Amino acid sequence: MVAISNPTVGRRRLGAELRRLRQECGLKSIEVAERLMVSQPKISHLENGRRAIHPRDVLDLCAMYGVTDRQVINSLMQMARESGGQGWWNRYGDLPDSVHIALESDAASIHTYEPLMIPGLLQTPAYAQAVIGETIPPLTVEQEGVRLKVRLRRQHRIYDPGRPLCLWVVLDESALRRVVGGPDVMREQLEHLNTLGGEPHITVQVLPHTAGAHPGLSGQFSLLRSAEGPGAGVAGVVHLERFTSDVHLEKPSDVQRYRQIYDHLQARALDPDGSHRFITEAIKSYIDADRP
């Protein structure tokens, strides 16, 4: 097991490991809760990484699950101690996408499909501000400012020289045509997109309308893979951005299914060079829109 510096990810990994140990000894979560004289939701929250786990709880659970290997116990307790901290995003209060930000910060690679807008990691400040400003329900000026700061802070991850994020993006043509913030904002955004697409660790592909129907019509999704921890580089996590709350799928069969869908979308999309030319043509259309 590996020590985790990201507290939210650490809680999720520790919780997953404790769930595996519980299942291996044939206990149900309600049985564990009854033996520890706690509520069943507490066990679920611990296993889902929704709350920090005290090292004392780890010892009690290991004893119940019959774990006797001292190295395993010490590793789990170390993970519990590290998972009690906070990530940089916690200073901004209770963010609705805090779990996703934690996973994104920890990821070594992300494959994302966006049908309607430019992904947050690649947005310019003006484009991001326009998107956030149209949030439903409406946000206060202060809330909008916090969301913008967080979104721009997230982008530090793709510029980290010591741990560059490998990012693959498939964009539906609709994301290029939807006018967010006006022609000037769109022109600047698409120029920025082409610049980032030229980076060695970032790949941008456009899925034109002429591609017809495809599996991505069901909506946005991202595949995140971590460089460390159980299952690293093997399965990963699927992120689905939804209106009321985000969804994260971790079952290997679900992740594999989305991996196949993403492969299909990449195959249908223009290659990076063709995508660059396509975006360049879209930029021209916004320049023409500004002319009297």
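Residues numbered from 1 in each chain as written. Predicted model: local features only at pLDDT ≥ 70, side-chain atom pairs only at ≥ 80, totals over all residues. Heavy atoms only, no water.

Student: What is the right way to look at the packing of aromatic side chains in this model?
Tutor: Aromatic ring pairs are reported here in terms of the distance separating the ring centres and the angle at which the planes meet. Taken as a whole, this structure holds 5 aromatic pairs when the rule is applied. Ring centres of Phe221 and Tyr262 lie 6.1 Å apart, and the angle between their planes is 85°; this geometry places the pair in the edge-to-face category. Residue Phe221 is located in strand S4 (residues 221-226), and its partner Tyr262 is located in helix H11 (residues 252-268); the two are separated by 41 residues in the primary sequence. Of the residues examined, Phe221 reaches a relative accessible area of 2% and is grouped as buried. An aromatic cluster is present here, built from Tyr113, Phe221, Tyr258 and Tyr262 joined pairwise through their rings. Cation over ring: Arg153 sits above Trp88, and NZ or CZ is 4.4 Å from the ring centre. (Phe/Tyr/Trp six-rings, centres within 6.5 Å; stacked < 30°, edge-to-face > 60°. Helix = DSSP H or I, 4+ residues; strand = E, 2+ residues; numbered from the N terminus. Buried < 20%, exposed > 50% of the residue type's maximum accessible area, 1.4 Å probe, protein only. Lys NZ or Arg CZ within 6 Å of the ring centre and 35° of its normal.)

Student: I'm lost on the pattern of salt bridges in this one. Help?
Tutor: Oppositely charged side chains can form a pair if their charged atoms are brought close together. Within this structure, the stated rule accounts for 10 salt bridges. We note a salt bridge from Glu173 to Arg177, for which the minimum N-O separation is 3.0 Å. Separated by 4 residues within a single helix, Glu173 and Arg177 lie in helix H9 (residues 173-177), roughly one turn from each other. Salt-bridge contacts for Arg259 lead to Asp263; the nearest nitrogen and oxygen are separated by 2.7 Å. A residue pair is termed a helical-turn pair when its members lie 3 or 4 positions apart in one helix, as Arg259 and Asp263 do in helix H11 at 4 residues. Owing to a relative accessible area of 38%, Asp263 belongs among the partly exposed residues under this scheme. (Salt bridge = Lys/Arg side-chain N within 4 Å of Asp/Glu carboxyl O.)

Student: Even after reading the chapter, I still don't get the layout of surface pockets, so can you show me in this structure?
Tutor: If a probe as big as a water molecule is rolled over the atoms, it shows which places are left empty. Space inside the largest pocket adds up to approximately 1400 Å³. In terms of lining residues, the largest pocket is bounded by 40 residues, among which Met117, Val131, Arg151, Glu241 and Arg242 are the most central. At the level of secondary structure, the elements contributing two or more residues to the lining of the largest pocket comprise helix H6 (98-106), strand S1 (107-114), helix H7 (125-133) and helix H8 (141-154). Ranked by residues supplied to the lining of the largest pocket, first place goes to H8 with 4 residues. Considered class by class, the residues forming the lining of the largest pocket number 18 nonpolar, 11 polar and 11 charged. (1 Å grid on protein atoms, 1.4 Å probe; cavity = no way out; pocket = protein on both sides within 12 Å on 5 of 7 lines; lining within 4 Å. Points joined across faces, edges and corners; volume = space filled by probe spheres on them. Nonpolar A, V, L, I, M, F, W, Y, C, P; charged D, E, K, R; others polar.)

Student: What should I look at first to understand the sheet that holds strand S5 (residues 237-240) in this one?
Tutor: As a general point, the strands of a sheet are linked pairwise by backbone hydrogen bonds and lie either parallel or antiparallel. Taken in spatial order, the 6 strands of this open sheet run S3-S2-S1-S4-S5-S6, and their pairing is mixed. The sheet terminates laterally at strand S3 (202-207) and strand S6 (247-249), the two strands that pair on one side only. With direction set aside, neighbouring strand axes in the sheet form an average angle of 15°. Relative to S6, S5 is paired through 3 bridges, and the arrangement is antiparallel. In the strand pairing of S6, Val238 is matched with Leu249. (Pairing = 2+ DSSP bridges. Axes fitted to C-alpha atoms, helices over the stretch in contact; angles between N-to-C directions.)

Student: Quick question: what am I supposed to make of the packing of helix H4 (residues 55-64) against helix H5 (residues 70-82) here?
Tutor: The description of two helices packed together rests on the angle between their axes and the distance between the axes. Where H4 contacts H5, the axes come no closer than 8 Å and their chain directions differ by 150°. In terms of orientation, H4 and H5 fall into the roughly antiparallel class. For the pair H4 and H5, the sense of crossing is right-handed. The segment H4 lies against H5, with Pro55, Val58, Leu59 and Cys62 engaging Arg70, Ile73, Leu76, Met77, Ala80 and Arg81. Among the residues making up the contact of H4 with H5, the classes are represented as 8 nonpolar, no polar and 2 charged. (Parallel < 35°, antiparallel > 145°, perpendicular 65-115°, else oblique. Left-handed = near helix turned anticlockwise from the far one by under 90°. Contact = heavy atoms within 4.5 Å.)

Student: Where do I start with the nonpolar core in this structure?
Tutor: Generally speaking, nonpolar side chains in soluble globular proteins are found buried as a group. One finds Ile118, Leu122, Leu176, Leu190 and Leu193 to be the most contacted residues of the largest nonpolar core, which totals 38 residues. Within the residue set of this core, elements represented by two or more residues are H6, S1, H7, strand S2 (166-172), H9, helix H10 (183-197), S3 and helix H12 (272-290). Sequence-distant contacts of Leu190, that is, excluding residues within four places in its chain, are made with Ile118, Leu176, Ile279, Ala282, Ile283 and Tyr286. Leu21, Met64, Val67 and Met79 belong to the second-largest nonpolar core, a separate cluster that totals 20 residues. (Core = buried A, V, L, I, M, F, W, Y, C linked by side-chain atoms within 4.5 Å.)

Student: In this structure, what is going on with the pairing of S1? I would like to understand it.
Tutor: Successive residues of a regular strand alternate their side chains across the two faces of the sheet. The buried fraction of S1 is high, at 7 of 8 residues. Here 6 bridges tie S1 to S4, and the two strands are oriented antiparallel to one another. If you follow His111 over to S4, its bridge partner there is Leu223.

These figures come from the coordinates and say nothing about function on their own.
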